[in-house]
Amino acid sequence: MALARAFAVALVGVEGQVVEVEADLAQGLPGLTVIGLPDAALAEARDRVRAAIVNSGHSWPSRRITLALSPAWLPKRGSGFDLALAAAVLSADGVVAAASLHGRVLLGELGLDGRVRPVRGVLPAALTARRAGIERLVVSSDNLREAHLVPGLTARGVGCLRDLVALLRGEDYDESVPPAPVRLPVERPDLADVVGQVSGRTAVEVAAAGGHHALLLGPPGSGKTMLAERLPGLLPPLSRQEALEVTAVHSVAGLLPEGEPLVELPPFQDPHHTATVASIVGGGSGIARPGAASLAHRGVLFLDEAPEFSSRVLDALRQPLESGRLSITRVGGTAVYPAAFSLLLAANPCPCAKPDGDCSCPPDTRRRYLARLSGPLLDRVDMHVEVPQITLTELLADSGHTETTAVVAARVRAARARARSRLAGTPWRTNSQVPAVELRRRWPLPRTSTATADVALDRGRLTARGYGRVLRLAWTLADLQECDRPGPEHVDHALRFRLGTAVGELAA
Ligand SMILES: Nc1ncnc2c1ncn2[C@@H]1O[C@H](COP(=O)(O)OP(=O)(O)O)[C@@H](O)[C@H]1O
Ligand SMILES: [Mg+2]
Ligand SMILES: [Zn+2]
């Protein structure tokens with residue numbers, strides 16, 4: 001047989017499409033051509049595939065070989081097509097039967113010695129294959145646990161090209177599946193370590209319960225970073241659906257922790273303030289890779305020393321804050337990644353970063369520093385919270401009475417369950433996801449409850465967007481207190497959170 005066909009998957013972002021790989025062996029001057037929009041890594045596949053086949057004990061067909069990937073317009077990237085390319089050549093050369101490649105997707109990179117190496121994005125690729133009606137998948141043994149996450153798909157692992165040939169011929173081979181690693185419980189810092197900071201503690205609790213965004217403003221050493229690091233511990237584990245979404249992004253980024261095929265805990269991303277736009281929102285050559293904002297999907301994105309981030313980074317966050325997604329266009333195509341995270345910002349009130357008493361900078365310096373957090377960005381942040389310097393007495397006092405992460409997390413769980421049952425039958429799961437219009441239409445509140453917020457809106461102290469955020473926050477505060485709906489006290493509290501700091505004025 002001189003023409004053969006195998007299948008692989010091309011990913012753009014976390015979306016994919018099944019790709020047909022054809023090998024044609026023709027009479028003529030021996031040579032190898034690959035066609036169908038291959039990128040540089042894929043072009044090198046020629047050499048890898050050839051060496052791998054020869055070093056696995058097969059002869060390289062001495063013919064004019066054409067390898068075509070289709071659809072041709074679809075951008076293809078990386079080394080994951082090696083396995084399908086090799087299989088197509090072997091089938092065209094009669095080494096394996098054509099039928100053995102039908103209805104089977106092959107994903108893997110080949111080493112020159114014929115070893116099959118793991119690739120990125122196996123989970124989204126496997127989901128793509130399943131959606132296309134394919135039921136059989138072959139991957140590197142190292143990717144097998146990730147491939148097994150997809151129900152309805154029979155995944156097999158191979159360690160080298162010889163294994164693949166044996167598998168396709170229906171012969172036995174040593175399919176050694178890496179053992180499930182022993183998972184150590186994740187050590188997360190406890191909220192009980194934080195002394196004082198009642199507002200700050202409440203803010204992280206509320207952020208966890210409703211998925212809200214918060215700014216922590218206070219002098220250095222007051223515990224802002226401590227508070228932020230304790231937010232993930234308050235979040236419940238991801239649902240199966242959420243875990244698959246998060247894992248797909250981490251898989252494409254090549255950042256799945258070794259031996260952990262499924263990300264089950266909400267991620268926490270804290271990029272440094274020198275981070276580039278590409279590393280936060282995604283980018284790179286060819287098809288964009290996900291950045292920290294997408295890696296934080298269903299978790300927390302923490303920007304410590306937020307005013308130090310470049311204004312381009314801060315501006316770029318507006319898109320995911322509005323839509324929960326990021327679409328990034330590069331020459332290779334437009335990749336869309338999910339990016340629904342809780343945004344946590346921490347800021348010193350002044351660039352000198354001195355304790356409150358020691359700062360003698362002019363008010364203008366402070367104002368300009370905080371103004372770097374642009375109005376449009378801060379307008380999307382639900383809580384502006386002051387985290388003041390704690391006193392030595394507070395620090396030395398017995399902290400035994402402060403609530404632990406376990407206690408607060410239980411309250412968060414209950415509040416989330418309350419919100420979820422209210423939102424049953426809607427596309428939303430947390431209060432922060434509900435559009436303001438829908439919130440007012442479906443769950444209207446009497447004016448007696450919203451009076452203070454109404455006045456703030458009237459007087460221009462709140463934008464219309466800010467008003468919506470206050471209402472969502474009020475619902476979360478009510479959920480945390482097991483109230484059926486927010487009363488005036490919850491709306492007032494939400495309003496104070498919203499207008500809490502001097503920065504609130506800048507955003508207005
Ligand atoms: N509220 C607090 N309770 C207990 N320790 C604190 C508190 N605030 C600061 N500290 C101590 O100071 C250190 C620095 O705190 P950090 O959270 O980094 O401050 P910030 O981010 O506000 O500059 C912490 O590691 C901790 O030892
Ligand atoms: Mg800090
Ligand atoms: Zn200063």
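Reading the values: the criteria
Residues numbered from 1 in each chain as written. Chains lettered and ligands numbered in written order. Predicted model: local features only at pLDDT ≥ 70, side-chain atom pairs only at ≥ 80, totals over all residues. Near = placed C-beta within 6 Å. Helix = DSSP H or I, 4+ residues; strand = E, 2+ residues; numbered from the N terminus. Nonpolar A, V, L, I, M, F, W, Y, C, P; charged D, E, K, R; others polar. pLDDT = per-residue confidence, 0-100. Contact = placed C-beta atoms within 7 Å. Pairing = 2+ DSSP bridges. Domains from an automatic or database assignment. Axes fitted to C-alpha atoms, helices over the stretch in contact; angles between N-to-C directions. Left-handed = near helix turned anticlockwise from the far one by under 90°. Buried ≥ 20, exposed ≤ 12 C-beta atoms within 10 Å, placed from the backbone.

Colleague: A description of the site of ligand 1 should follow, citing residues and the corresponding values.
Modeller: In the vicinity of ligand 1 there are 14 residues, among which Val195, Gly223, Lys224, Thr225 and Met226 approach most closely. When residues in the shell around ligand 1 are grouped by element, the largest group, three residues, is from helix α8 (residues 224-230). Considered class by class, the residues forming the shell around ligand 1 number six nonpolar, seven polar and one charged.

Colleague: Quick rundown of the confidence of the model for the protein chain? Include the residues and the values.
Modeller: Of all residues in the protein chain, 95% attain a pLDDT of 70 or more, and the chain-wide mean is 90. By mean pLDDT, helix α22 (residues 502-507) is the weakest element of the protein chain at 43, and strand β5 (residues 104-107) is the strongest at 97. Every residue in residues 502-508 is under pLDDT 50, and counting partners more than four places away or in other chains gives 18 contacts.

Colleague: A description of the sheet that holds strand β12 (residues 300-303) should follow, citing residues and the corresponding values.
Modeller: Strand order in this open sheet of five strands is β11-β12-β15-β10-β16, and the pairing throughout is parallel. Each edge of the open sheet carries a strand with a single partner, namely β11 (268-269) and β16 (383-386). Relative to β16, strand β10 (residues 214-217) runs parallel, the two being bridged by four bridges. In the sheet register, Leu216 faces β16, and the bridge partner there is Val385.

Colleague: Which residues make up the domain arrangement of the protein chain, and what values do they have?
Modeller: With domains assigned, the protein chain is organised as domain 1 (3-168) and domain 2 (192-507). One C-alpha centre belongs to domain 1, the other to domain 2, and the line joining them spans 43 Å. Sort the elements by how many residues they give to the side of domain 1 that touches domain 2 and helix α4 (residues 122-131) lands first, with three residues. When the residues that make up the side of domain 1 that touches domain 2 are grouped by side-chain class, the tally is eight nonpolar, two polar and six charged.

Colleague: Run through the packing of helix α7 (residues 198-210) against helix α17 (residues 405-422), naming residues and quoting values.
Modeller: Where α7 contacts α17, the axes come no closer than 8 Å and their chain directions differ by 35°. The way α7 lies across α17 gives a crossing that is right-handed. Residues Glu205, Ala208 and Ala209 of α7 form the contact with α17, whose own contacting residues are Val408, Arg411, Val412, Ala415 and Arg416. Residues belonging to the contact of α7 with α17 are distributed by class as follows: five nonpolar, no polar and three charged.

Colleague: Break down the environment of Pro61 for me, citing the residues and quoting the values.
Modeller: For Pro61, the location among the structural elements is in the loop between α2 (45-55) and β4 (64-70). Judged by the 19 C-beta atoms lying within 10 Å of it, Pro61 falls in the partly exposed class. Expressed as a C-alpha distance, the spacing of Pro61 and Ala26, which sit 35 residues apart in the sequence, is 9.9 Å. Pro61 has contacts with Leu25 and Asp93, leaving out every residue within four places of it along the chain.

Colleague: Quick one: what's the story with the pairing of strand β13 (residues 325-330), residue by residue and with numbers?
Modeller: Here six bridges tie β13 to strand β14 (residues 333-338), and the two strands are oriented antiparallel to one another. In the strand pairing of β14, Arg325 is matched with Pro338. What sits between β13 and β14 in their antiparallel hairpin is a turn of two residues.

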